[in-house]
Amino acid sequence: MNFKLKVWRQRDPKTKGKLVEYQATNVSPNTSFLEMLDVVNEGLIAKGEEPIAFDSDCREGICGTCSLTINGEAHGPDHPGAACEVYMRRFKDGATIIVEPFRAKPFPLIKDLVVDRSALDRIVQAGGFVAARAGSAPEANATLVPKQDADRAMEAAACIGCGACAAACPNASAMLFTAAKVSHLALLPQGQVERTRRVVSMINQADAEGFGSCSNEGECEAVCPKEIPISNIARMTREYVRAVTDSRR
């Protein structure tokens with residue numbers, strides 16, 4: 001298969017960027033999108049040109065580092081899934097593919113397709129610690145948790161922090177990410193001690209980072225590699241209202 005790529009190139013945050021055309025030729029349909037970029041980079045290096053900078057790590061849809069916008073979609077056309085899980089057979093032979101970084105103000109560009117998503121880390125840090133005793137793993141049935149709560153907590157905990165939700169949102173909102181982090185602890189006994197403080201601190205940090213508010217577009221849920229539902233946002237809103245109301249009593 002052969003493709004024409006239009007890749008965003010930008011040397012650093014202060015330099016003006018632009019889309020640069022490259023040819024990806026003789027690509028196997030079973031090649032992943034990141035592997036295809038590797039091949040393109042090998043060609044650029046062989047010609048003495050600067051390779052395309054992009055983030056990757058596990059390449060198994062687990063780490064969340066492959067923050068690419070492919071043809072205008074965060075993580076590309078295969079949902080649910082991360083960019084590393086997109087295979088070239090998903091595109092038509094001869095197609096033009098536009099590759100850009102995640103576009104959200106709180107994700108400042110570092111170089112080419114690499115953005116700084118430290119804002120998400122700071123939201124998690126604002127949540128603080130869990131005061132429940134740590135140590136060796138307790139016996140599985142020692143702490144009773146209703147199955148429905150356990151399932152919902154596990155569903156929220158599946159968030160890999162990739163930031164696709166914010167990149168896809170028209171408001172660059174990180175509500176789904178924040179809600180997932182709030183929900184998986186709010187639903188479990190271990191997270192109850194800091195429950196009210198946690199939700200207020202994390203939402204305040206998200207606001208301070210410059211993320212927008214949620215307008216219920218649903219784009220975040222549509223691109224989430226782990227299919228985390230927006231019902232978590234509703235749960236977080238209830239947690240926040242309760243926390244603020246209790247603090248005023």
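Small disclaimer: the values here were computed from a predicted structure and weren't measured.

Caption draft 1: Representation of the environment of Arg195 within the structure. Counting through the fold element by element, Arg195 comes out in helix H6 (residues 195-209). Sequence separation between Arg195 and Glu217 is 22 residues, and the spatial gap between their C-alpha atoms is 27 Å. With near-sequence residues (within four places) excluded, Arg195 lies in contact with Ala186, Glu239 and Arg242. In terms of polar contacts, Arg195 uses its side chain to reach the side chain of Gln192, at 2.7 Å.

Caption draft 2: Up close: the layout of surface pockets. Estimates place the volume of the second largest pocket at around 160 Å³. For the second largest pocket, the lining is made up of 13 residues, of which Arg117, Leu120, Asp121, Ile160 and Gly161 are closest to its centre. Of all the elements in the fold, those that place two or more residues in the lining of the second largest pocket are helix H2 (118-127) and helix H5 (175-186). Sort the elements by how many residues they give to the lining of the second largest pocket and H2 lands first, with 4 residues. The residue makeup of the lining of the second largest pocket, split by class, is 5 nonpolar, 4 polar and 4 charged.

Caption draft 3: Layout of the environment of Arg198. Turning to its location among the elements, Arg198 is positioned in helix H6. Judged by relative accessible area, which is 3%, Arg198 ranks as buried. Linking Arg198 and Ala179, residues 19 residues apart in sequence, is a C-alpha distance of 11 Å. In this structure, Arg198 is in contact with Gly127, Phe129, Val130, Leu185 and Gly191, ignoring residues within four places of it in sequence.

Caption draft 4: Spatial organisation of the packing of H5 against H6. One way to put it is that H5 packs onto H6 with a least axis distance of 10 Å and a crossing angle of 175°. Of the possible angle classes, the one that applies to H5 and H6 is roughly antiparallel. On H6, the residues touching Thr178, Lys181, Val182, Leu185 and Ala186 of H5 are Arg195, Arg198, Val199, Met202, Ile203 and Ala206. In the contact of H5 with H6, the residues fall into 7 nonpolar, 1 polar and 3 charged.

Caption draft 5: Looking closely at H5. Between its first and last C-alpha, H5 extends 16 Å over 12 residues, near the 16 Å set by a 1.5 Å rise per residue. A large share of H5 lies buried, amounting to 10 of its 12 residues. Those residues of H5 not exposed but buried are Leu176, Phe177, Thr178, Ala179, Ala180, Lys181, Val182, Ser183, Leu185 and Ala186.

Caption draft 6: A look at the side chain of Asn41. Among the structural elements, Asn41 can be located in helix H1 (residues 33-46). At 2.6 Å, the side chain of Asn41 forms a polar contact with the backbone nitrogen of Ile52. What Asn41 contacts, discounting residues up to four positions off in sequence, is Pro51, Ile52 and Phe54.

So, how was this worked out
Residues numbered from 1 in each chain as written. Predicted model: local features only at pLDDT ≥ 70, side-chain atom pairs only at ≥ 80, totals over all residues. Heavy atoms only, no water. Helix = DSSP H or I, 4+ residues; strand = E, 2+ residues; numbered from the N terminus. Contact = heavy atoms within 4.5 Å. Polar contact = N/O pair within 3.5 Å; in protein donor to acceptor, adjacent residues only side chain to side chain. 1 Å grid on protein atoms, 1.4 Å probe; cavity = no way out; pocket = protein on both sides within 12 Å on 5 of 7 lines; lining within 4 Å. Points joined across faces, edges and corners; volume = space filled by probe spheres on them. Nonpolar A, V, L, I, M, F, W, Y, C, P; charged D, E, K, R; others polar. Buried < 20%, exposed > 50% of the residue type's maximum accessible area, 1.4 Å probe, protein only. Axes fitted to C-alpha atoms, helices over the stretch in contact; angles between N-to-C directions. Parallel < 35°, antiparallel > 145°, perpendicular 65-115°, else oblique. Expected span 1.5 Å × (residues − 1).

That's the geometry; what it means functionally is another story.
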